[in-house]
Amino acid sequence: MDAFCSASAEQGRGDSGRSALPLTKSWQGKLPFDADANTAIGTGWDSECPPIALTPEVERLLAADAAVAIGVSGGKDSCAVAIAVDRYLEAIGHAGPRILIHADLGRVEWRDSLPACQRLAERIGWELVVVRRQAGDMLHRWHGRWANNVARYAALECVQVILPWSTPSMRFCTSEMKTRIIASALAKRFPGRPILNVTGIRRQESTNRRGKPVSAIDTNLTTRTREAFVWNPIIDWPIEQVWRTIGEAGLTHEAYDVYGSTRVSCVFCIMSSIGDLRAAASCPENRDIYRAMVDLEARSTFAFQGSRWLADTAPHLLDADMRRAVTRARLAAHERMRLEARLPHHLLYVKGWPTTVPSHEDADLLASIRRRIGTLLDIDADYLTGPAVRDRYRDLIAAKPDRLTVP
């Protein structure tokens, strides 16, 4: 864990940045009221805003002065939740430790993301801790995954070529590069102490997030001796209140202000809209990472977002050689998918694969497909004949703990 900076505990505290609007009856009694500022303390917003969301578990841990750690990216939601939680903790007299924690993804980050986190830390007076994956950044992870997947295909440890990218259903970019790294840092920093791990997710953002709870046991941090919860304080906030909160605090990111993006995460994110991809490509500092990611598209024959090629976002940033490489990759991708569609369903991966040795006919077909895909993707693959494929399956089955009968 790298401690990047520690802001003064006094700096940024207070209510000078809040609006003075009348308190409506609908929120009276739900939060402490600051008559001087004429606001509902703890919302990070004026009295018309929903209060931050609480549960009995969260209130109990706060009363016990649990450590509060807010994951921050520099984006709008993490800044808004930090402002809201800081005000609430001040209002209730929370005396436990508080930190902001930023998982730096390396080259794929906006250049203003870490500075935005620093500005937030200075604004509210919390320490900012920066953590990184020691084995390399996000681009390094994608490159490593591709190299490993090529090796697996060459050794017939899988029957289809596996893409390098993370996907909406397989977000190892979040689990490995953020969640796991942050949990490890918090466990070391607060041994045995209860922890509230705060996020800025909101139900308005997606169908998947509508079902998220206000708080839940943090399985990455909870142990026999430590209680930990994930807490989502602004889960019911609409986007308008998020924008106003960070605007009044002067904490907007250049991705929004200068380039017109609607989100801050990786500059080119698997979840980004085409508009946000184009906004990222319009930033000169993002062009090297753009070309590096397009190069991986071309070498792997896998588009960055399923059927959407990152190369199409800003083709004017690619030289002639790269544009030709992308054209070849598209053709190779089409042929790869056509060939893999011929694989018998019972040969595809299932839990416990391989489950049987293929017939002579199926082994010949698989070997033929492997030869053609190996040529397409320049993979130096083994097991390129029917007998070799059957022998490989026998070896794989024999190596399993629950050995099957080998025909």
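In this text the structure is predicted, and so the values were computed from the model without any measurement.

Procedures and definitions
Residues numbered from 1 in each chain as written. Predicted model: local features only at pLDDT ≥ 70, side-chain atom pairs only at ≥ 80, totals over all residues. Heavy atoms only, no water. 1 Å grid on protein atoms, 1.4 Å probe; cavity = no way out; pocket = protein on both sides within 12 Å on 5 of 7 lines; lining within 4 Å. Points joined across faces, edges and corners; volume = space filled by probe spheres on them. Nonpolar A, V, L, I, M, F, W, Y, C, P; charged D, E, K, R; others polar. Core = buried A, V, L, I, M, F, W, Y, C linked by side-chain atoms within 4.5 Å. Buried < 20%, exposed > 50% of the residue type's maximum accessible area, 1.4 Å probe, protein only. Contact = heavy atoms within 4.5 Å. Phe/Tyr/Trp six-rings, centres within 6.5 Å; stacked < 30°, edge-to-face > 60°. Helix = DSSP H or I, 4+ residues; strand = E, 2+ residues; numbered from the N terminus. Lys NZ or Arg CZ within 6 Å of the ring centre and 35° of its normal. pLDDT = per-residue confidence, 0-100. Lys, Arg positive; Asp, Glu negative; His and termini not counted. Salt bridge = Lys/Arg side-chain N within 4 Å of Asp/Glu carboxyl O. Polar contact = N/O pair within 3.5 Å; in protein donor to acceptor, adjacent residues only side chain to side chain. Axes fitted to C-alpha atoms, helices over the stretch in contact; angles between N-to-C directions. Left-handed = near helix turned anticlockwise from the far one by under 90°.

Draft legend 1. Spatial organisation of the layout of surface pockets. In this structure, the second largest pocket spans a volume of roughly 180 Å³. Surrounding the second largest pocket, 16 residues form its lining, Phe302, Ala303, Gln305, Gly306 and Ser307 being those nearest its centre. By residue class, the composition of the lining of the second largest pocket is nine nonpolar, six polar and one charged.

Draft legend 2. Structural detail: the nonpolar core. Counting residues in hydrophobic clusters, the biggest one holds 67 residues, and the most contacted among them are Trp142, Phe268, Met293 and Tyr393. Filtering out sequence-adjacent residues up to four positions away, Met293 remains in contact with Leu139, Trp142, Trp165, Phe268, Phe304 and Leu310. In terms of nonpolar packing, the next biggest core, distinct from the first, is built from 40 residues, Ala53, Val58, Leu62 and Ile70 among them.

Draft legend 3. Expanded view of the packing of aromatic side chains. The final tally for this structure, using the stated rule, is eight aromatic pairs. Relative to Phe304, the ring of Trp165 lies with its centre 4.9 Å away and its plane at 85°, an arrangement referred to as edge-to-face. Placement of the pair is Trp165 in the loop between helix 4 (138–154) and helix 5 (172–189) and Phe304 in the loop between helix 10 (287–300) and helix 11 (320–340), with a sequence separation of 139 residues. We classify Trp165 as buried; its relative accessible area is 0%. Classification of Phe304 by relative accessible area gives buried; the value is 3%. Above the plane of the ring of Phe172 lies Arg141, whose end atom (NZ or CZ) is 4.6 Å from the centre. We note Arg336 situated over the ring of Phe302; from NZ or CZ to the ring centre the distance is 3.8 Å.

Draft legend 4. Broad picture of the confidence of the model for the protein. Taken residue by residue, the protein gives an average pLDDT of 87. The fraction at 70 or more is 86%. Residue range residues 1–48 is modelled with pLDDT below 50. Its contacts to residues more than four positions away, or to other chains, number 125 contacts.

Draft legend 5. Local environment of the side chain of Arg145. Assignment of secondary structure puts Arg145 in helix 4. Despite its burial, Arg145 pairs with no opposite charge; the closest candidate is Glu176, at 6.9 Å N-O. Within the structure, Arg145 has its side chain in polar contact with the backbone oxygen of Leu163 (distance 3.0 Å). When residues no more than four places from it in sequence are discounted, the contact partners of Arg145 are Ile162, Leu163, Pro164, Trp165, Met170 and Phe172.

Draft legend 6. Seen up close, the packing of helix 10 against helix 11. At a minimum axis separation of 8 Å, helix 10 and helix 11 run at an interaxial angle of 35°. The crossing of helix 10 and helix 11 is left-handed. Along its contact with helix 10, which presents Arg291, Val294, Asp295, Glu297 and Ala298, the element helix 11 presents Met322, Ala325, Val326 and Ala329. Its residues placed into classes, the contact of helix 10 with helix 11 shows six nonpolar, no polar and three charged.

Draft legend 7. Geometry of the pattern of salt bridges. Within this structure, the stated rule accounts for 22 salt bridges. With a closest N to O distance of 2.8 Å, Arg202 and Asp77 form a salt bridge. One end of the pair, Arg202, is in the loop between strand 7 (195–198) and helix 6 (207–210); the other, Asp77, is in helix 2 (residues 76–92), and 125 residues separate them in sequence. With relative accessibility at 3%, the residue Arg202 sits in the buried group.

Draft legend 8. Region of the structure containing the side chain of Ser113. Looking at the secondary structure, you find Ser113 in helix 3 (residues 113–124). At 3.1 Å, the side chain of Ser113 and the side chain of His253 are in polar contact. The contacts of Ser113, once residues within four sequence positions are left out, are Ser73, Gly74, His253 and Val264.

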